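Below, each chain spelled out in residue letters.
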Amino acid sequence: MLKIKNLKAKIDNKEILKGLNLEIKPGEVHAIMGPNGSGKSTLSNVLSGKKGYTVSGDVTYLNENLLDLEIEERAHKGIFLAFQYPLEIPGVNTNIFLKTSLNAIKKAKGEKELDAIEFLKLVKQKAGELKFDEKILSRQLNVGFSGGEKKKNEILQMSILNPKLSILDETDSGLDIDALKIVSEGVNALRSKESSFLIITHYQRLLEYIKPDFVHVLINGQIVKSGGSELALELENKGYESLS
Amino acid sequence: MDAREKEIEKLKDYKYGFSTDIENTRAPKGLNEEVIKFISNIKKEPKWMLDWRLKAFERLKQLKEPNWQKPKYPKIDYQDLYYYSAPKSMDDKPKSLDELDPKLLETYKKLGIPLQEQARLNGIAVDAVFDSVSVATTFKGELNKKGIIFCSMSEAIREHPELVKKYLGSVIPLSDHYFATLNSAVFTDGSFVYIPEGVRCPMELSTYFRINATETGQFERTLIIADKGSYVSYLEGCTAPMRDENQLHAANVELIALDDAEIKYSTVQNWYPGDKNGVGGIYNFVTKRGLCKGKNSKISWTQVETGSAITWKYPSCILKGDNSVGEFYSIAITNNHQKADTGTKMIHLGKNTKSKIISKGISAGFADNTYRGLVDIARNADNARNFTQCDSLLMGNKCGAHTVPYIKNKNSSSNIEHEATTSKISEEQLFYCNQRGLNQEEAVSLIVNGFCKEVLQQLPMEFAVEAQKLVGISLEGSVG
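What counts, and where the lines are drawn
- Residues numbered from 1 in each chain as written.
- Chains lettered and ligands numbered in written order.
- Predicted model: local features only at pLDDT ≥ 70, side-chain atom pairs only at ≥ 80, totals over all residues.
- Heavy atoms only, no water.
- Bend = angle between axes of the 7 residues up to and from the residue.
- Helix = DSSP H or I, 4+ residues; strand = E, 2+ residues; numbered from the N terminus.
- Buried < 20%, exposed > 50% of the residue type's maximum accessible area, 1.4 Å probe, protein only.
- Polar contact = N/O pair within 3.5 Å; in protein donor to acceptor, adjacent residues only side chain to side chain.
- Contact = heavy atoms within 4.5 Å.
- Buried area = accessible area lost by both parts, 1.4 Å probe.
- Salt bridge = Lys/Arg side-chain N within 4 Å of Asp/Glu carboxyl O.
- Nonpolar A, V, L, I, M, F, W, Y, C, P; charged D, E, K, R; others polar.
- Pairing = 2+ DSSP bridges.
- Axes fitted to C-alpha atoms, helices over the stretch in contact; angles between N-to-C directions.
- Disulfide = S-S within 2.5 Å.

### Observations concerning helix α10 (residues 440-456) of chain B
Residues and elements named next belong to chain B.
For step 1, the next point in the chain: Of all the bends in α10, the greatest, near 45 degrees, is centred on glycine 450.
For step 2, the next point in the chain: When we look at burial in α10, the residues that qualify are Ala443, Val444, Ser445, Leu446, Ile447, Val448, Asn449, Gly450, Phe451, Cys452, Val455 and Leu456.
For step 3, the next point in the chain: At the N-terminal boundary of α10, the capping side chain belongs to asparagine 439, with an oxygen 3.1 Å from the backbone nitrogen of glutamate 441.

### Considerations on the interface of chain B and chain A
For step 1, the next point in the chain: Taken together, the 18 residues of chain B in the interface contact 28 residues of chain A.
For step 2, the next point in the chain: Note on chain B versus chain A: buried area summed over both sides is about 2,000 Å², and carbon and sulfur give 66% of it.
For step 3, the next point in the chain: Summed over the shared surface of chain B and chain A, the result is 2 salt bridges.
For step 4, the next point in the chain: A salt bridge links A:Glu154 to B:Arg436; the nearest nitrogen and oxygen atoms lie 2.6 Å apart.
For step 5, the next point in the chain: Our enumeration of links across chain B and chain A arrives at 12 residue pairs in polar contact (both at pLDDT 80 or more).
For step 6, the next point in the chain: Looking at the side of chain B that touches chain A, the elements that each hand over two or more residues are α9 (427-435) and α10 of chain B.
For step 7, the next point in the chain: Tallied by class, the residues present in the side of chain B that touches chain A amount to 7 nonpolar, 7 polar and 4 charged.

### Overview of the sheet that holds strand β1 (residues 2-11) of chain A
Strand pairing in a sheet relies on backbone hydrogen bonds, with the paired strands running either antiparallel or parallel.
Residues and elements named next belong to chain A.
For step 1, the next point in the chain: Pairing is antiparallel across the open sheet formed by 4 strands, whose spatial order is β2-β1-β4-β5. The sheet is open, and its two edges are formed by β2 (14-24) and β5 (64-65), each paired on a single side.
For step 2, the next point in the chain: Contacts between helix α1 (residues 40-48) and the sheet are confined to β1, β2 and β4 (54-61), with β1 contributing the most and set at about 110 degrees to the helix.

### Structural notes on unusual backbone geometry
Residues and elements named next belong to chain B.
For step 1, the next point in the chain: Unusually for a residue other than glycine, aspartate 260 sits at a positive phi of about 60 degrees.
For step 2, the next point in the chain: Among the structural elements, aspartate 260 can be located in the loop between β11 (252-257) and β12 (262-269).
For step 3, the next point in the chain: Its identity is not glycine, yet asparagine 336 carries a phi of approximately 50 degrees, on the positive side.
For step 4, the next point in the chain: With respect to the element layout, asparagine 336 can be found in the loop between β17 (325-334) and β18 (339-342).
For step 5, the next point in the chain: Assessed through its relative accessible area of 25%, asparagine 336 is described here as partly exposed.

### Here we look at the state of the cysteines
Residue and element names in this part refer to chain B.
For step 1, the next point in the chain: The tally for this structure, following the rule as stated, stands at 0 disulfides over all chains.
For step 2, the next point in the chain: The structure places no disulfide on cysteine 390, whose sulfur is separated from the nearest cysteine sulfur, that of cysteine 452, by 14 Å.
For step 3, the next point in the chain: Residue classification places cysteine 390 among the buried positions, given a relative accessible area of 1%.
For step 4, the next point in the chain: When its relative accessible area of 0% is taken as the criterion, cysteine 452 is described as buried.

And the structure:
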């Protein structure tokens, strides 16, 4: 699904990613762990197409050169980024944002757009599955949401947009244990043979709830070690120091 | 890009930019007594009306064009303008739509305002003003049954002189200021509305203003009177062809609400804004004022200003009746080289009067957007209340936003609140929207519509959707 070869990324002339290699196959869950400043968020930004980076290397996504695509084209083709800090958009109703987003993606795929009634039915169902308070959907997008509500909202959007590759950028940060469980359950419910996940996190905690197939350690812009889910535990015990 | 492609590209930006090739009757060029007599004569006006115009013209000679506004413009040569231009076929005004020049019908159809009986907009009565003349008014008969008068100003002067004499100039005096006085001398057409006591107008009334002729100013005059306990919602729309010249539009609009009456006045202003380099476009210098004359009366202005090279207007409320309410909801969008200096005046004279001002200014490109407002609480206006909120949104770093609020308070029992914010659409917000599948323009439109929501909600349903689209279109190409 996603093949990254020798990926380098610079911002303001500072090299953050220094030749990263990674392959994600359909249905796999990969976790990337690493200390602060190792390039975790840069990786998620570069994969989703955020401007401002000078990027080199090869990134193939569903047999296409991902780096050639605009941000929204990547979204249309099934890439979803759950933001570490979801943005507030005052005056824009959360439901309307979700519907606009879903229909933009459907339109790009040549699928029939949903009308208001079909959309509300879908959103009701998904919110129910995620034990997400529907009331929040009639509020302005992320405005006045608690940290937990913002992250849950990201997961709800993910479940409605049904992406092929979901990138979760430190979705666990700032979550209490109950919210963490709900978010994890949401992700687990979306796991399938077709959909893959790239979970970026500081802590092993999240990986107790979402069992990854692979764990990679990112230090100083490169993956220095890869392994199974047991690697996360090892890191938790020994710290990143032992690997750098 | 070849010339044809360029033309298409231009049309994409402003879809109302076409002009209608039609034979015109014009007043001789220039501003003088003869021209005023020409206008009065062609409209078959009674003598008192001509006298009133001439009095205004005398007064005009003593007035100076104001120059305190933020957007400056090259000196206008008032002798080099036509003050009256109307399709020749309107010389003898046709009695029915069947007799109307098909070219005019076609023009309005293209503008999305079908005038023919079978194609009319549902529940909206339209007065169509083409350059200096009203060409048609729909649903007149139906409204008449309720005693509502909805006709062109010219017709009102002839058919309802008692009402016109009583109220014309009662809110905007003849000598008010340069442009208002100019309008009083040379005004051509516009709409007249009278809602009788206790009547709730059953449909939206609207006027569609179209400038077509070159080198011509449009000086329309609108007068709306809501008698005791009545209600009316009125909407105006405006478009003009794309031309390299700047054309002047100096209108006067007067509203009068008697006891317990309510007038809701909405504007969707989409005059040609000029091209990307700031060449051409309309100078929209308009005086709009409402008088809450009776107790418990209410006047509410809503404006969506997206067009014009320069927009310079302050739709205002004089809150004379006790417990009267004035509201002003505004969206002013300036892109490329457009400029706007707009806001409102809320003059509190009566007791327990309330006013609310919600202004949303958006600037993009090289544009400059000023909110200028006055809240004036008179000595006897006990317990007056005002709430003002002015929000500015900037896109890019070459545009400007300014807020100039004046507050004059002479009564210590009043309560005045002012809130203001300035924000920018952030790269992060755009990234977030793009990541959810929206392209740049969809993202901007969504964010800006969110910013304007409080004002858009005030528009009549029939127009809210159009206005939302317009807000998006006006800012196209503003982020790169």
